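# Remarks on the overall topology
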Amino acid sequence: MSLISQRLQLGVKQQQILTPGLVQMVTVLQLNKLELREKIAQEIAANPVLEVNDEGDELTPAEVQAMLEAERDPNPSDTEVLQVTLAAAEEAAAEAGERLPAEEAAAEAEAAPDAASYEEAGASAAEKAADPFEQVDFGDYFEEWMDPGFRAPGTEETEKPSFELFLSAPVTLSEHLRQQLALVVLDEEVRAAADAIIGNLDETGYLSVPLEEIEQSEGFSRAALEEALKAVQRLDPAGVGARSLQECLLLQLESRGARDGVAWQIVRDHLKLVESRSVKELARLLGRPQEHIEIALDVIRHLDPKPGLKYSGPGARQVEPDVYIFKNGDEYVIQIADEDLPPLRINGSYRRLLDPGQGADKETRNFVKERYQSALQLIRNIEQRRQTIFKVCEAIVRRQREFFENGIDALRPMMIKDVAEEIGVHPSTVSRAVANKYAHTPQGVFELRFFFSEAVQGPSGGSIPLLTLKRMVKKMIEEEDPRKPLTDEQIAEALQKQGIQVTRRTVAKYREDMKIPSTHHRRVKD
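Residues numbered from 1 in each chain as written. Predicted model: local features only at pLDDT ≥ 70, side-chain atom pairs only at ≥ 80, totals over all residues. Heavy atoms only, no water.

Here we come to the overall build of the protein. For the protein, the helix and strand inventory stands at 25 helices and 8 strands. Here the protein, with 526 residues, has 35% of them falling under the buried criterion. Long-range contacts, defined as pairs at least 24 residues apart, comprise 67% of the intrachain contacts of the protein with a sequence gap of at least 6. In the structure as shown, the protein presents an accessible area of about 31900 Å², 50% of it carried by carbon and sulfur atoms. (Helix = DSSP H or I, 4+ residues; strand = E, 2+ residues; numbered from the N terminus. Buried < 20%, exposed > 50% of the residue type's maximum accessible area, 1.4 Å probe, protein only. Contact = heavy atoms within 4.5 Å. Areas by Shrake-Rupley, 256 points an atom, 1.4 Å probe, with all protein chains shown as cover.)

Tracing the backbone shows Ser518 in the loop between α24 (504-513) and α25 (519-522). C-alpha of Ser518 to C-alpha of Ala508: the two residues are 10 residues apart in sequence and 8.4 Å apart in space.

Here strand β2 (residues 323-328) runs beside strand β5 (residues 438-441); their pairing, made up of 2 bridges, is parallel. Considered in β5, the bridge of Val323 is made with Ala439. Pairing analysis gives 4 bridges linking β5 to strand β6 (residues 444-447), with the strands arranged antiparallel. Residue pairing across strands places Thr441 opposite Gly444, the latter belonging to β6. The turn joining β5 and β6, which pair antiparallel and follow one another in sequence, is formed by 2 residues. (Pairing = 2+ DSSP bridges.)

Among all positions of helix α15 (residues 279-286), only Val279, Leu282, Ala283 and Leu286 are buried. In an axial view of α15, the angular spread of the buried residues amounts to 100°, which keeps them on one side of the axis. Turned more than 90 degrees away from the buried face of α15 sit Lys280 and Arg284, all of them exposed. Contacts from the buried residues of α15 go to α13 (262-269), α14 (271-276) and α16 (290-301). (Arc of directions from axis to C-beta.)

This part covers the packing of aromatic side chains. Using the criterion set out here, one finds 9 aromatic pairs in the structure. A ring pair is formed by Phe446 and Phe450, whose centres lie 4.8 Å apart and whose planes are at 20°; its orientation type is stacked. Pairwise contacts between aromatic rings join Tyr332, Phe403, Phe404, Phe446, Phe450 and Phe451 into one cluster. (Phe/Tyr/Trp six-rings, centres within 6.5 Å; stacked < 30°, edge-to-face > 60°.)

Enumeration according to the criterion identifies 20 salt bridges in this entry. As a salt-bridge pair, Glu254 and Arg259 come within 3.7 Å of each other at their nearest N and O atoms. You can call Glu254 partly exposed: its relative accessible area is 40%. On the basis of relative accessible area, Arg259 is assigned to the partly exposed category, the value being 48%. Here Glu405 and Lys327 are joined by a salt bridge, their closest N and O atoms 2.9 Å apart. Here Glu405, found in helix α19 (residues 401-406), pairs with Lys327, found in strand β2; they are 78 residues apart in sequence, far enough to count as distant. Overall, the relative accessible area of 35% leaves Glu405 in the partly exposed class. If you follow the salt bridges from partner to partner, you end up with Lys33, Arg37, Glu320 and Glu339 in one network. (Salt bridge = Lys/Arg side-chain N within 4 Å of Asp/Glu carboxyl O.)

This paragraph deals with the pairing of β2. As judged from the 6 bridges shared by β2 and strand β3 (residues 331-336), these two strands associate in the antiparallel manner. Pairing of Ile325 across the sheet is with Ile334, part of β3. What sits between the antiparallel neighbours β2 and β3 is a turn of 2 residues, in which Gly329 has the positive phi angle 75°.

This next bit is on the sheet that holds β2. Pairing is mixed across the open sheet formed by 4 strands, whose spatial order is β3-β2-β5-β6. With partners counted over all chains shown, the strands left at the sheet margins are β3 and β6, one partner each. With strand direction ignored, the average angle separating the axes of adjacent strands in the sheet is 25°. (Axes fitted to C-alpha atoms, helices over the stretch in contact; angles between N-to-C directions.)

Okay, here's the thing in structure tokens:
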């Protein structure tokens, strides 16, 4: 019977630990231009050593080296341990009677340090392990980064998108309706009731709260609420304030002057037959020719079932490109859009705090050293981000030159791992470099991840990108006969005849990704 007890065991294992500097490098790499600008502002606010202007004194490499030398500890804490270890090694060598020939002894003396030098080397290693700040090559940094007018290469003036492309803040649905309501002549109670109704509309423009509930909670009369609802339903966009899909469509038809028409009768009495596209059945029920029914169904299909989304949705995204790719002669030029990022440098006015003779305690000196190291690490990580994005874009331009010349139909398959091997980095680095970043190209503004697409076996043993294959499936569905829509199996067979090897399940998956209805829902019934 074994007893459960606590015991100590020694073991060897490999473990990867992310240092704070590496974590920051990964974080900075995946930031886009707007996020990086915010990150820099936060670091400047938190680190007094960082600055973005040319005020204050600058540190020279000689001054930095003198400050760091002054911080060295002449008596490291592990000196005694090193002495005991060295004495034990000499004693063991003497007991073994090991003697080296004169030439070997001379060579050994040159290769191996004496006790004093070994002690100094051990002390130096201990100091570096205790103070990583000593490992910073300040000479290299100050030569590159201390110039207040430093700018990264490639920031020459080039043609940029017009400032007129920037968007203003979108107007919400409630603001849009209240602006119109202010121009309508209404009684005070009805106006207040209409304002309450607008406040209870959901993002699609529907009134999801019953009037009885508004009547009880707000204290309005039922007559005032009914009149207020009619006033709201007359506002733009047509269909807002409806309590059901049927009412929403009827309001839109009424705004077009189509009340009591064929489309009106279909929505009012036979809305379920619209989904199944039963043209023949609708013609029989309404006593109209099938041509009239088809025209009415086409009108209904162009109505907006969610009229409020155009104001309540996320709206257009404001995109600021991180990279500009433009053609200069026969070559494409890549420019990283970092001209409006603040040029960072290290402020040298804090150097007096590192001087022990100035009265600063050890805690203060350690804090200043940490701030210097943090500032230097941030600047290097920003430059590393720039170089990585530039290399990735170079690979994209080399591999997708036909796209930049001829458009999206010329897009070629490209995998992240292939680009990573080409530029000599890990695939996760490329993935972070293209995340949430956009490029302004001669073909428009595209996300960098857009250029990476899986390869699908194409005709003549070649390959085509997945995006192109989806566009082919969509085009085939758009050109099909509505009365005999193509099945997924038929689409797969048509693609196979063109040399593209896909299965029915693959076509169904692509169709669902593009939110295209199934064959049954696309069929128009006679």
